[in-house]
Amino acid sequence: MNMVVLNIPSLIKIKKVFKETARVLKAKGQFIFSNLNPLCIMIKKTACETQTHLKDFSYFQDGSKYRSQVRLSDNSQMEFVDVHWTLESLTGAASSAGFYLKRIIEPRPIKNPPKCLVNYTIAEHIIFDYQKINS
Ligand SMILES: C[S@@+](CC[C@H](N)C(=O)[O-])C[C@H]1O[C@@H](n2cnc3c(N)ncnc32)[C@H](O)[C@@H]1O
């Protein structure tokens, strides 16, 4: 589930999505989802993104919104308004849906990166690798 939770505007809906994911997975099935790394959204300008916090944005306020200008490899830009969820809320939603967290992956810089990624100095994404608890 790549970069989906940032477009779901309600934590109740995220919980429903995670519960439904657990329902359709077999026992011990793997559930991977990703998000923008909260570290990245707190920094105005990173290698890939420029963030603007919308009115009343707060790190601790689930559902706060931010605007991202994303630089693409051909140097063009796209703009999105996305929704911020704390790590606490996302991991809580996954636990209560019946998953346990096996690992978190924070993608690292690659060797000989393309020009648009030379300044990739912090993890801009975060990947959660969960397993359905056997039941
Ligand atoms: C940033 S895009 C990521 C798309 C795709 N997963 C990818 O990796 O290229 C966000 C996607 O989240 C999905 N999404 C967000 N909210 C949703 C909702 N309420 N119901 C179904 N899909 C939703 C849509 O597929 C939307 O295109």
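Preceding this section is the structure that the text describes.
Attention in this report is confined to the structure presented alongside it.

What follows deals with the overall build of the protein chain. In terms of regular secondary structure, the protein chain is built from three helices and six strands. Start at the N end of the protein chain and walk to the C end: the helices and strands fall as α-β-α-β-β-β-α-β-β. Its C-alpha radius of gyration of 16 Å places the protein chain within 12% of the 14 Å reference for a compact globule of 135 residues. With the principal axes as the frame, the protein chain shows a C-alpha extent of 45 × 40 × 20 Å. Looking at the protein chain residue by residue over its 135 residues, the buried ones come to 36%. Restricting the contact set of the protein chain to residue pairs at least 6 apart, pairs at least 24 apart contribute 60%. Element-wise, carbon and sulfur atoms account for 55% of the exposed surface of the protein chain, whose accessible area totals about 8200 Å². Between the centroid of the 19 positive side chains of the protein chain and the centroid of its 11 negative side chains there is a distance of 6 Å.

On to the packing of aromatic side chains, then. If you walk through the whole model with that rule in mind, you get 10 aromatic pairs. The interplanar angle of 40° and the centroid separation of 4.9 Å between the aromatic rings of F31 and F99 together place this pair among those described as tilted. Of the two residues, F31 is situated in strand 1 (residues 30-36) and F99 in strand 5 (residues 99-105); the sequence distance between them amounts to 68 residues. Taking 5.4 Å as the distance between ring centres and 85° as the angle between the ring planes, the aromatic pair formed by Y59 and F60 counts as edge-to-face. According to the relative accessible area criterion, Y59 is partly exposed, its value standing at 24%. Here the aromatic cluster, defined as three or more aromatic residues joined through ring pairs, consists of F18, F31, F33, F99, F128 and Y130.

Quick look at the sheet that holds strand 5 now. The strand order across the open sheet formed by three strands is 1-6-5, and the pairing between neighbours is antiparallel. Each edge of the sheet is formed by a strand with only one pairing partner; in this case those strands are strand 1 and strand 5. Each strand of the sheet is rotated relative to its neighbour by a mean of 25°, with strand direction disregarded. Strand contacts of helix 3 (residues 87-96): strand 1, strand 5 and strand 6 (125-132), with the helix running at about 20° to strand 6, the strand carrying the most contacts.

Once rolled over the atoms, a probe with the size of a water molecule shows which space is left empty. Inspection of every chain in the model, using the stated rule, returns one cavity of 30 Å³ or more. There is about 50 Å³ of room inside the largest cavity. Forming the walls of the largest cavity are L6, N35, L36, P38, I41, Y66, V83, H84 and W85. Within the lining of the largest cavity, the residues separate by chemical class into seven nonpolar, two polar and no charged.

Conventions we followed
- Residues numbered from 1 in each chain as written.
- Predicted model: local features only at pLDDT ≥ 70, side-chain atom pairs only at ≥ 80, totals over all residues.
- Heavy atoms only, no water.
- Helix = DSSP H or I, 4+ residues; strand = E, 2+ residues; numbered from the N terminus.
- Rg over C-alpha atoms; globule rule 2.2 N^0.38 Å.
- Buried < 20%, exposed > 50% of the residue type's maximum accessible area, 1.4 Å probe, protein only.
- Contact = heavy atoms within 4.5 Å.
- Areas by Shrake-Rupley, 256 points an atom, 1.4 Å probe, with all protein chains shown as cover.
- Lys, Arg positive; Asp, Glu negative; His and termini not counted.
- Charge placed at Lys NZ, Arg CZ, Asp CG, Glu CD.
- Phe/Tyr/Trp six-rings, centres within 6.5 Å; stacked < 30°, edge-to-face > 60°.
- Pairing = 2+ DSSP bridges.
- Axes fitted to C-alpha atoms, helices over the stretch in contact; angles between N-to-C directions.
- 1 Å grid on protein atoms, 1.4 Å probe; cavity = no way out; pocket = protein on both sides within 12 Å on 5 of 7 lines; lining within 4 Å.
- Points joined across faces, edges and corners; volume = space filled by probe spheres on them.
- Nonpolar A, V, L, I, M, F, W, Y, C, P; charged D, E, K, R; others polar.

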